[in-house]
Amino acid sequence: MSPTAWSWRPCLPPGRVGGAVIWGRETALGVLRRLCASPEAGKPLRICLLPTGVVLVGESAALPWVEDIAYVTQSPEAPNLWLPVHQQPDVPLDLLARALSQRHPRQPVLLWPDPTWVVPLDRSYPLSPELLPSIEQVWHHETR
């Protein structure tokens, strides 16, 4: 299935929220610092680092609910495929997931429409205050 063989359409009703995408390093660090400092910090969230932000995966009650964050859902038809809660491809999701797994062996993946990203979610880490300096260090070295 070629990337041009399908397009995105609204997903109605929206999927069940299971994660959040935070674009922008400074925005992501600010949200992560608030999450780690909050009394709710005991709720388990997993984090995947992106070059320009983060993906958080966990129960919707543990996710940050603020402006400028996009929310994602695990596809019921293809559990290794994560999508934005309000959009989905206009092709059968199980077939798309199978095609993606042939090109992207690391599973599960988040398929993002704009900018177009296929983000492997297999290397996630538990979010903790101890992890924040490592994230800052990785991003600091990448900007050099």
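Above this text you will find the structure in question.
Quantities reported herein were computed from a predicted structural model and do not represent experimental measurements. (Residues numbered from 1 in each chain as written. Predicted model: local features only at pLDDT ≥ 70, side-chain atom pairs only at ≥ 80, totals over all residues. Heavy atoms only, no water.)

K.L.:
Is there a simple way to explain the packing of helix α1 (residues 25-37) against helix α3 (residues 132-142) in this structure?
P.N.:
The geometry of a pair of packed helices is captured by two quantities: the angle between their axes and the separation between those axes. Contact geometry for α1 and α3: axes closest at 11 Å, N-to-C directions at 170°. Classified by the angle between their axes, α1 and α3 sit roughly antiparallel to one another. Contacts between α1 and α3 pair Arg-25, Ala-28, Leu-29, Leu-32, Arg-33 and Cys-36 from the former with Leu-132, Ile-135, Glu-136, Trp-139 and Glu-142 from the latter. The class makeup of the residues in the contact of α1 with α3 is 7 nonpolar, no polar and 4 charged. (Axes fitted to C-alpha atoms, helices over the stretch in contact; angles between N-to-C directions. Helix = DSSP H or I, 4+ residues; strand = E, 2+ residues; numbered from the N terminus. Parallel < 35°, antiparallel > 145°, perpendicular 65-115°, else oblique. Contact = heavy atoms within 4.5 Å. Nonpolar A, V, L, I, M, F, W, Y, C, P; charged D, E, K, R; others polar.)

K.L.:
Is there a simple way to think about the pairing of strand β8 (residues 109-112) in this case?
P.N.:
Two faces make up the sheet, and in a regular strand the side chains alternate between them. Of the two faces of β8, the one lined by Val-109 and Leu-111 and the one lined by Leu-110 and Trp-112 are each fully buried. Bridge count for β8 against strand β9 (residues 117-120) is 4 bridges, and the pairing is antiparallel. By the bridge assignment for β9, Trp-112 is matched with Trp-117. Hairpin connection from β8 to β9: 4 residues lie between these consecutive antiparallel strands. (Buried < 20%, exposed > 50% of the residue type's maximum accessible area, 1.4 Å probe, protein only. Pairing = 2+ DSSP bridges.)

K.L.:
Can you help me understand the side chain of Ser-75 in this one?
P.N.:
By the secondary structure assignment, Ser-75 is in the loop between β5 (70-74) and β6 (81-84). There is a polar contact of 3.1 Å between the side chain of Ser-75 and the side chain of Glu-77. (Polar contact = N/O pair within 3.5 Å; in protein donor to acceptor, adjacent residues only side chain to side chain.)

K.L.:
What's the story with the sheet that holds strand β3 (residues 45-50) in this structure? I'm lost.
P.N.:
Sheets are built from strands paired through backbone hydrogen bonds, the pairs being either parallel or antiparallel. Across the sheet, 8 strands lie side by side as β9-β8-β6-β5-β2-β4-β3-β10; this open sheet has mixed pairing. The two strands at the open ends of the sheet, each matched to only one other strand, are β9 and β10 (125-126). With respect to the sheet, α3 is in contact with β3 and β4 (53-58), its orientation differing from that of β3 by roughly 10°.

K.L.:
Looking at this structure, how should I read the nonpolar core?
P.N.:
The biggest cluster of nonpolar side chains holds 23 residues, and the ones touching the most others in it are Leu-32, Ile-47, Leu-56, Leu-127 and Ile-135. Elements with a contribution of two residues or more to this core: β2 (19-23), α1, β3, β4 and α3. Those residues within four positions of Ile-47 in sequence are excluded, and the remaining contacts are Leu-32, Val-54, Val-55, Leu-56, Arg-123, Ser-124, Tyr-125, Leu-127, Leu-131 and Ile-135. Counting residues in each nonpolar core, the second largest holds 11 residues, with Leu-81, Leu-93, Ala-97 and Leu-100 among its members. (Core = buried A, V, L, I, M, F, W, Y, C linked by side-chain atoms within 4.5 Å.)

K.L.:
How should the packing of aromatic side chains be read in this particular structure?
P.N.:
For any two aromatic rings, the description comes down to two numbers: the centre-to-centre distance and the angle of the planes. Applying the stated criterion across every chain, the model contains 4 aromatic pairs. Their ring planes at 15° and their centres at 4.3 Å tell us that Trp-65 and Tyr-71 sit as a pair that is stacked. Through a chain of ring-to-ring contacts, the aromatic side chains of Trp-23, Trp-112 and Trp-117 assemble into a single cluster. (Phe/Tyr/Trp six-rings, centres within 6.5 Å; stacked < 30°, edge-to-face > 60°.)

K.L.:
Explain helix α2 (residues 93-103) here, please?
P.N.:
An α-helical segment advances 3.6 residues per turn. Residues three or four places apart therefore align on the same side. Turning to α2, its buried residues are Leu-93, Leu-96, Ala-97, Ala-99 and Leu-100. Mapping the buried residues of α2 onto a view down its axis gives an arc of 165°, with all of them on the same face. Where α2 is buried, its residues contact β6, β7 (87-89), β8 and β9. (Arc of directions from axis to C-beta.)

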